[in-house]
Amino acid sequence: YFINKFLWAPKANLRRLCITGIPGKAKILAVHNTSIAVNNNPQVRLVLELNNNGEVYTTECKTIVSRYKSNYFQPGKEVNVKIDPVNEKNVIVDVS
């Protein structure tokens, strides 16, 4: 159960949203460090403001940020996201 919840489920969600997610833009409201790093690249929790079909709402997502692109993830900047068509609060940062 724990392996599925913490290892495989997030990867499956990421793959699913890359394929079926609705493209959109989000404004970064806040960036919080999660104290986790993958290959010396920090994982951050982003607080995002989305405007999806005229409806503005706030949500959060976690993503790995390259040390070399850390300036891209600052409050006030806009990022491309993929929005889950079933649960609009479930988003990923689209780096493609």
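Owing to the predicted nature of the structure, the values given are computational and were not obtained by experimental measurement. (Residues numbered from 1 in each chain as written. Predicted model: local features only at pLDDT ≥ 70, side-chain atom pairs only at ≥ 80, totals over all residues. Heavy atoms only, no water.)

Asker: How should the sheet that holds strand β3 (residues 55-64) be read in this particular structure?
Answerer: Across the sheet, which stays open at both edges, the five strands sit in the order β3-β2-β1-β4-β5 with antiparallel pairing between neighbours. Looking at which strands have only one partner, the edges of the open sheet turn out to be β3 and β5 (91-93). Taking the axes of each pair of neighbouring strands and ignoring which way they run, one obtains an average angle of 40 degrees across the sheet. (Pairing = 2+ DSSP bridges. Helix = DSSP H or I, 4+ residues; strand = E, 2+ residues; numbered from the N terminus. Axes fitted to C-alpha atoms, helices over the stretch in contact; angles between N-to-C directions.)

Asker: It is not clear to me how the pattern of salt bridges should be interpreted in this structure. Could you clarify?
Answerer: When their charged atoms lie close together, side chains carrying opposite charge are able to pair. Inspection of the entire model under this criterion finds two salt bridges. Of the charged contacts, one joins R45 and E60 as a salt bridge, the two residues approaching to 3.1 Å between their closest N and O atoms. Here the residue R45 occupies a position in strand β2 (residues 41-52), and E60 occupies one in strand β3, the gap between them amounting to 15 residues. (Salt bridge = Lys/Arg side-chain N within 4 Å of Asp/Glu carboxyl O.)

Asker: Where do I start with the pairing of strand β1 (residues 22-38) in this structure?
Answerer: Both faces of the sheet carry side chains from a regular strand, because those side chains alternate between them. In this sheet, strand β4 (residues 78-83) lies alongside β1 in antiparallel orientation, the contact comprising six bridges. Following the sheet pairing, G24 is matched in β4 by V81. In this sheet, β2 lies alongside β1 in antiparallel orientation, the contact comprising nine bridges. Within β2, the residue paired with N33 across the bridge is V44. Here β1 hands over to β2 after two residues, with N39 in that stretch at a positive phi of 55 degrees.

Asker: Quick question: what am I supposed to make of the environment of V31 here?
Answerer: By the secondary structure assignment, V31 is in strand β1. For V31, a relative accessible area of 31% translates into the label partly exposed. (Buried < 20%, exposed > 50% of the residue type's maximum accessible area, 1.4 Å probe, protein only.)

Asker: For this particular structure, what's the right way to read the packing of aromatic side chains?
Answerer: Given two aromatic rings, their pairing is described by the distance between the two centres and the angle made by the two planes. Counted by the stated rule, this structure contains one aromatic pair. Relative to F73, the ring of Y72 lies with its centre 5.1 Å away and its plane at 90 degrees, an arrangement referred to as edge-to-face. Residue Y72 is classed as partly exposed on the basis of its relative accessible area of 39%. (Phe/Tyr/Trp six-rings, centres within 6.5 Å; stacked < 30°, edge-to-face > 60°.)

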